[in-house]
Amino acid sequence: MKIGLIFFHSFSSPGGVKRHVLGLQKEFIKRGISVKIIAPRRRKAEDYGEDVILLGTSFPVNFSGSQADFCVNINPLAVRRVLQKEKFDILHFHNFGFPSISQILNKSESLNIMTCHADLSGSRFLKIMPYLVRLLNRAVQRKINGIIGVAYSNIKFLDKYSGPKIVIPNGVDLDEFNPGVPKIKKFLDGKINILFVGRIEKRKGLIYLLKAYRILTQKFSNLRLIIVGEGELRESCEGWVKRHHLKEVYFEGQAADEKIPSYFATADIFVSPAIFGESFGLVLLEAMACGVPMVVFANQGYGELLKGKRGEEFLVPPKDYKALAEKIALLVKNDSLRKEISRKVIIEAQEYSWSNVADRVLDFYQFCKKQKS
């Protein structure tokens, strides 16, 4: 079996979809499966080794409060050459990537599977232009043989699709994310470390965490806020911190992928104040695997992931920074509660190991193959 994992975002940028694709690739390779990643190029000088095929061009665009990619194959013949050379049995598309997905599907003779990572239900753009949803439904009906959603909210709008559909969650690499990961020494001075990891953009809601942190610093003197990520709102957030004279706020910038687990391991509390558009919340899963208690806004994706789990009571209405501060304060004040939650979420994260997730993906491939034949 030979699998092509098709990624429609720039491979030079970090993100949850990229981590998902790399995790799936790593698990497939462990099992002796031949697999390559296909991704667009954003800059000429890009090279990620022989396991990543650069196909097409990615142009960054602002979309629904975040950054997305407009991905296109300017030379359609390149698509045909790659597919003829590689002879993939399965092409597994991750998200939609218009118009590139149509260009590849038109040339594909493989089994075509698509995983939907994005929750588009709250997209203002699609509400203004609903015909794009109809266009998407027609496109997947014609050539896609099976659809996976990392959460139900990701696939519910594909109501016209009559082929196989399934929900298979994100996975987490438990070798990389676990409580034994080395901590960052400069932050080990007895202060309680509150961590944010994500793009500094409107959708991720960092400003609400900053407002909550301001309230918390008026009650507690032993706090530190660590911010990992980049984005167009970084400068304005740094300016807000300076204007309000907040201390112990560290903007770490974009960390290398291999350093992210150490930030989680160093944290006492993880906070994700994303206000909308979160389909699953891979960062929550990574925090759980490292045993970090968390407080998060109750957007649809986070609510779906935490339903019935130990962290469910720490969901806060989006944009309510006062409630966010209150929930964080509960954890700040109660070390035994943090330890109890830590033990529980480590166990809960085990079901999302890449071994378990890959088993379900491979089973779905086989089911779709039988349905197609």
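Everything in this summary refers to the structure shown in the same document. (Residues numbered from 1 in each chain as written. Predicted model: local features only at pLDDT ≥ 70, side-chain atom pairs only at ≥ 80, totals over all residues. Heavy atoms only, no water.)

**So, unusual backbone geometry**
As a reminder, the rule being used: Each helix is a run of DSSP H or I of at least 4 residues and each strand a run of E of at least 2, with the numbering of both proceeding from the N terminus.
Phi is positive for Lys87, which is not a glycine, with a value near 50°. Checked against the element boundaries, Lys87 lands in the loop between helix H2 (76-86) and strand E5 (90-94). Within the chain, Lys319 stands out as a residue other than glycine whose phi angle is a positive 75°.

**Focus on the pairing of strand E2 (residues 34-41)**
Applied cut-off: Pairs of strands are assigned from DSSP output, requiring at least two bridges between the strands.
When strand E1 (residues 2-7) meets E2, the two strands line up parallel, connected through five bridges. Bridging from a neighbouring strand, Ile6 pairs with Ile38 of E2.

**Some thoughts on the packing of helix H1 (residues 16-30) against helix H13 (residues 354-372)**
The criterion, for reference: A fitted line through C-alpha atoms serves as each axis, taken over the contacting stretch for helices, and the angle formed by two N-to-C directions is quoted from 0 to 180°. Each angle receives one of four descriptions, namely roughly parallel if under 35 degrees, roughly antiparallel if over 145, roughly perpendicular if within 65 to 115, and oblique otherwise. Note on contacts: a residue pair is in contact if any heavy atoms of the two residues lie within 4.5 Å. Residues are grouped as follows: nonpolar covers Ala, Val, Leu, Ile, Met, Phe, Trp, Tyr, Cys and Pro; charged covers Asp, Glu, Lys and Arg; every other residue, Gly included, is treated as polar.
Where H1 meets H13, the closest approach of the two axes is 10 Å, and the angle between their N-to-C directions is 85°. In terms of their interaxial angle, H1 and H13 are classed as roughly perpendicular. Residues Arg19, His20, Gly23, Leu24, Glu27 and Phe28 of H1 pack against Trp354, Ser355, Ala358, Val361, Leu362 and Tyr365 of H13. Grouping the amino acids of the contact of H1 with H13 by side-chain chemistry returns seven nonpolar, three polar and two charged.

**Some remarks on the packing of aromatic side chains**
This is how the line gets drawn: For Phe, Tyr and Trp, where Trp contributes only its six-membered ring, two rings pair if their centres lie within 6.5 Å, and the inter-plane angle classes them as stacked under 30 degrees, edge-to-face over 60, or tilted in between. Each residue's exposure class comes from its accessible area (1.4 Å probe, protein chains only) as a fraction of the maximum for that residue type: buried when under 20%, exposed when over 50%, partly exposed otherwise. The criterion is that NZ of a Lys, or CZ of an Arg, lies within 6 Å of the ring centre and within 35 degrees of the ring normal, and then a charge sits over that ring.
All chains considered together, the criterion is met by nine aromatic pairs. For the ring pair Phe8 and Phe93, a centre distance of 6.2 Å and an interplane angle of 10° mean the geometry is stacked. Placement of Phe8 in the loop between E1 and H1 and of Phe93 in strand E5 is noted, with a sequence separation of 85 residues between them. An identical accessibility class is assigned to Phe8 and Phe93; each is buried. Here Phe28 and Tyr365 contribute two aromatic rings whose centre-to-centre distance is 6.3 Å and whose plane-to-plane angle is 55°, an arrangement assigned as tilted. Residue Phe28 is located in helix H1, and its partner Tyr365 is located in helix H13; the two are separated by 337 residues in the primary sequence. The burial state of Phe28 is the same as that of Tyr365; both residues are buried. Through successive ring pairs, a cluster of aromatic residues spans Phe7, Phe11 and Tyr48. One cation-aromatic arrangement involves Lys18 over Phe11; the distance from NZ or CZ to the ring centre is 5.0 Å.

**A short note on the environment of Glu230**
Keep this limit in mind: Under the rule applied, a polar contact is a pair of N or O atoms within 3.5 Å (in protein, one hydrogen donor and one hydrogen acceptor; residues adjacent in sequence only if both atoms are side-chain atoms).
Mapping Glu230 onto the fold places it in the loop between strand E10 (223-228) and helix H7 (234-243). Between the C-alpha atoms of Glu230 and Leu337, which are 107 residues apart in sequence, the distance is 32 Å. Contacts of Glu230, omitting those with residues within four sequence positions, involve Gly198, Arg199, Ile200, Gly253 and Gln254. In terms of polar contacts, Glu230 uses its side chain to reach the side chain of Arg234, at 2.6 Å.

Any functional reading would require information beyond the geometric quantities listed.
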